[in-house]
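# Close look at the chain arrangement
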Amino acid sequence: MLVSCCYEIPIFLSKKKNFKTYIARFNSELFTLTYGALVTQLCKDYENDEEVNKQLDKMGYNIGVRLIEDFLARSSVGRCHDFRETADVIAKVAFKMYLGVTPSVTNWSPAGDEFSLILESNPLVDFVELPDNHSNLVYSSLLCGVLRGALEMVQMAVDVRFAQDTLRGDSVTEIRMKFIKRIEENLPAGDE
Amino acid sequence: MADNALFEFLHMEIVAHVYKEQATREDIDKERVTCVSTLELMGFRVGQGLIERFTKDCPTFKDDLDIMKFLCKDLWSTIFKKQIDNLRTNHQGTYVLQDNKFALLTQFSSGKQYLEEAPKYLAFSCGLIRGALSNLGLESVVTAEVSLMPSCKFQVVIQKL
């Protein structure tokens, strides 16, 4: 029930110096903090780390199948002709657009169907430390799901996993992506 | 730095997840209340965290009204890309913040459609406001009301200890 208020206070635009960088700094943390709150909640809801990883992956998938539309609408990339082109678009356009970082694409398999994205810094884990009793937690599992879901919407079935994780003591974060097969156009993919 | 779209997608998925989780558990009566409080608590932690990061360049606030103006201008702009459109107060600790085009509701409808779903998507933001105010020194109770999407009003009642 709203209290009836007598006075209306006018709001004026702030004339703070460096307002834009001030905004930008805040903004990056909103996603990181929200993600942290989500992982914390999931750790409370589920008994073991494997379950949490699975849930994060599932949620990532649901986000990915929608994010791809946002991505295609905002970037001007056309259809990729092969998996190498896909890798470049993911690293140089998608990661840059959404996370502000550009991973390097390396470790191609001889068949050209598997590669690694190496992230020097992972924005999701700013200020995060894993407690000792969560050694099996793959904190950034959401990312795997997002990539998998997004690519499924452009007819590619891929397997995505973390090969290295700075939170678990490695020097870099490495995401390994493997092409499995092309998906037929008429298979609808619903939410899991 | 993360794009705002990512936050919006994440938020939608979090709401969907919390409700799906509760639906699989036995207590259907408590369902709605628990979901809202879970979301509100998550928002609270995020709100607190945002203000913690900010303390480096923290200006000093003269009074409660100054804090509320900061919330409406600076904080709202950084989180939702626009300022609060209208701030009202009765000068006795109650503030009403009106956002005519609330970022987390614009995707749903403009009008009355899906009105009953709106509270689910406002719980996190209520918690965010409460968390931010808490770290700025004000304990409060925050509720939200929607009568016409995507406009909504947040009511903040400052708790005097």
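Since the model is a prediction, treat every value here as computed from it, not as a measurement.

## Some details on the confidence of the model for chain B
All names here are of chain B. Here chain B shows a mean pLDDT of 86. Residues at 70 or above account for 89%. Per-element confidence in chain B is highest for strand β4 (residues 151-158), whose mean pLDDT is 94, and lowest for helix α2 (residues 31-54), whose mean pLDDT is 86. Reported confidences for the modelled complex are a pTM of 0.86 and an ipTM of 0.89.

## Here we look at the pairing of strand β2 (residues 94-99) of chain B
All names here are of chain B. Here β2 lies mainly inside the structure; six of its six residues are buried. The two faces of β2 match: T94, V96 and Q98 on one face and Y95, L97 and D99 on the other face are all buried. Adjacent in sequence and paired antiparallel, strand β1 (residues 86-89) and β2 are bridged by four residues, among which H91 carries a positive phi angle near 60 degrees. Pairing of β2 with β4, which is carried by six bridges, proceeds in the antiparallel orientation. Each residue of the ladder has a partner; that of V96, found in β4, is Q155.

## Let's talk about the layout of surface pockets
All names here are of chain A. Taken as a whole, the largest pocket encloses approximately 720 Å³ of empty space. If you go around the largest pocket, you meet 33 residues; those closest to its centre are I68, F71, I90, L151 and V154. Put simply, the parts of the chain that give the lining of the largest pocket at least two residues each are α2 (49-74), α3 (83-99), α4 (141-152) and β5 (173-182). Take the lining of the largest pocket: its biggest share by element is eight residues, from α3. Of the residues contributing to the lining of the largest pocket, the split by class is 26 nonpolar, four polar and three charged. One number sums up the size of the second largest pocket: a volume of about 390 Å³. Lining the second largest pocket are 22 residues, and of these G36, A37, T40, V128 and Y139 lie nearest its centre.

## Looking at α4(A)
All names here are of chain A. With 12 residues, α4 should cover 16 Å at 1.5 Å per step; its first-to-last C-alpha distance of 17 Å lies within 8% of that length. Burial within α4 is extensive, with 11 of its 12 residues counted as buried. Of all the positions in α4, only S141, L142, L143, C144, G145, V146, L147, R148, G149, A150 and L151 are classed as buried.

## Regarding the packing of α2(A) against α3(A)
Residues and elements named next belong to chain A. In the contact formed by α2 and α3, the axes pass within 11 Å of each other and the chain directions differ by 100 degrees. Overall, the two elements α2 and α3 adopt an arrangement that is roughly perpendicular. In this structure, α2 uses L67, D70, F71 and R74 to contact α3, whose residues at the interface are V89, V93, A94, M97 and Y98. Grouping the amino acids of the contact of α2 with α3 by side-chain chemistry returns seven nonpolar, no polar and two charged.

Reading the values: the criteria
Think of each chain on its own: its residues are numbered from 1, step by step along the sequence as written. Ligands are numbered from 1 and chains lettered from A, in the order in which they are written. With the structure being a predicted model, the display of local features is reserved for residues of pLDDT at least 70 and the display and counting of side-chain atom pairs for 80 or more, all residues being used for whole-chain, interface and lining totals. Values shown for side chains rest on all heavy atoms present in the structure; no hydrogens or waters enter the calculation. Every residue is assigned a pLDDT by the predictor, reflecting its confidence on a scale from 0 to 100. Numbering of helices and strands runs from the N terminus, with a helix taken as a DSSP run of H or I at least four residues long and a strand as a DSSP run of E at least two residues long. To sort residues, take the accessible area from a 1.4 Å probe on protein chains only and compare it with the maximum for the residue type: under 20% means buried, over 50% means exposed, and anything in between is partly exposed. One bridge is not enough; two strands pair if DSSP finds at least two bridges between them. A pocket here means an open set of points on a 1 Å grid, computed over the protein atoms alone, that has protein on both sides within 12 Å along at least five of seven lines. A cavity is instead a set of points where a 1.4 Å probe fits but cannot get out; residues with an atom within 4 Å of a point line either one. Grid points are joined across faces, edges and corners, and a volume is the space filled by probe spheres set on the points. Side-chain classes are defined by residue name, with Ala, Val, Leu, Ile, Met, Phe, Trp, Tyr, Cys and Pro counting as nonpolar, Asp, Glu, Lys and Arg as charged, and the others, Gly among them, as polar. In a helix, the anticipated span is given by 1.5 Å times the number of residues less one. Axis lines are fitted through C-alpha atoms, for helices just across the contact stretch, and the angle between N-to-C directions can take any value from 0 to 180 degrees. Convention used here: angles under 35 degrees read as roughly parallel, angles over 145 as roughly antiparallel, angles from 65 to 115 as roughly perpendicular, and any remaining angle as oblique. By definition in these notes, contact holds between two residues if any of their heavy atoms fall within 4.5 Å.

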